[in-house]
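Spelled out from the first residue to the last, the chains are:
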Amino acid sequence: MYNRAIPNEIIIKALIKAGLSIFFITFGIFLLTITERADLTKVAFEAFSAFGTVGLSMGLTQELTWGGKIIVVLLMFIGRVGPLAFLYTFMSGAKEDYYELPHENISIL
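Structure report, in brief. (Residues numbered from 1 in each chain as written. Predicted model: local features only at pLDDT ≥ 70, side-chain atom pairs only at ≥ 80, totals over all residues. Heavy atoms only, no water.)

1. Description of helix H1 (residues 8-35)
Turn by turn, an α-helix covers 3.6 residues, leaving residues three or four places apart pointing in a common direction.
Next up, step 1: Between the first and last C-alpha of H1 there are 40 Å, a value that for 28 residues agrees with the 40 Å anticipated at 1.5 Å per step.
Next up, step 2: Turning to H1, its buried residues are Leu20, Ser21, Phe24, Ile25, Gly28, Ile29 and Leu32.
Next up, step 3: Residues of H1 that are buried in the fold lie against helix H2 (40-51), helix H3 (66-81) and helix H4 (83-91). (Helix = DSSP H or I, 4+ residues; strand = E, 2+ residues; numbered from the N terminus. Expected span 1.5 Å × (residues − 1). Buried < 20%, exposed > 50% of the residue type's maximum accessible area, 1.4 Å probe, protein only. Contact = heavy atoms within 4.5 Å.)

Here's what the structure looks like:
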């Protein structure tokens, strides 16, 4: 478009981010249906709203159990930080130092 190209790396990152977002929301809805006795529409709305950090509710938030509240808080956190950044925190291991201090020749008299 307008004589511009989108690099394949950007497209792949966008697809991964969209896929992870769908995964986290679906998993959150699944967990909320286990912990809560509510209509699936309300549970899905709460999960999407929490992940998008929108602040909207269908009144289910006040009735959530402790497990449901923790799930909603985690969805809010992952949605705010971003799914890729959230996963990178768990995937990064000990990093080696890739630098070396400069050497100096000194005269010894």
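2. Looking at the nonpolar core
Next up, step 1: Grouped together as the largest cluster of nonpolar side chains are 17 residues, with contacts concentrated most on Phe24, Ile29, Leu32, Phe51 and Leu75.
Next up, step 2: Ignoring anything within four residues of it in the chain, the contact list for Leu32 reads Val43, Ala47, Gly68, Ile71 and Val72. (Core = buried A, V, L, I, M, F, W, Y, C linked by side-chain atoms within 4.5 Å.)

3. Quick look at the packing of H2 against H3
Next up, step 1: Closest axis-to-axis distance for the H2/H3 pair is 7 Å, and the angle between their directions is 40°. The orientation of H2 relative to H3 falls into the category oblique. Where H2 abuts H3, its residues Ala47, Ala50 and Phe51 lie against Val72, Leu75, Met76, Ile78 and Gly79.
Next up, step 2: Looking at side-chain class alone, the contact of H2 with H3 contains seven nonpolar, one polar and no charged residues. (Axes fitted to C-alpha atoms, helices over the stretch in contact; angles between N-to-C directions. Parallel < 35°, antiparallel > 145°, perpendicular 65-115°, else oblique. Nonpolar A, V, L, I, M, F, W, Y, C, P; charged D, E, K, R; others polar.)

4. Brief notes about H3
Next up, step 1: Taking 1.5 Å of rise per residue, the 16 residues of H3 would be expected to cover 22 Å, and the 22 Å separating its terminal C-alpha atoms lies within 8% of that figure.
Next up, step 2: Inspection of H3 places Gly68, Ile71, Val72, Leu75 and Ile78 among the buried residues, and these make up the whole buried set. Along the axis of H3, the buried positions cluster into a sector of 130°, meaning they face one direction only. Seen from the open side of H3, the exposed residues pointing more than 90 degrees away from its buried face are Trp66, Ile70, Val73 and Arg80.
Next up, step 3: Residues of H3 that are buried in the fold lie against H1, H2 and H4. (Arc of directions from axis to C-beta.)

5. A look at the side chain of Glu36
Next up, step 1: Within the element layout of this structure, Glu36 appears in the loop between H1 and H2.
Next up, step 2: Comment: no salt bridge for buried Glu36; closest opposite-charge side chain is Arg37, at 8.6 Å.
Next up, step 3: A distance of 3.2 Å separates the side chain of Glu36 from the side chain of Thr35, its partner in a polar contact.
Next up, step 4: Once you skip the residues sitting within four places of it in the chain, Glu36 turns out to touch Glu63, Leu64, Thr65 and Gly68. (Lys, Arg positive; Asp, Glu negative; His and termini not counted. Salt bridge = Lys/Arg side-chain N within 4 Å of Asp/Glu carboxyl O. Polar contact = N/O pair within 3.5 Å; in protein donor to acceptor, adjacent residues only side chain to side chain.)

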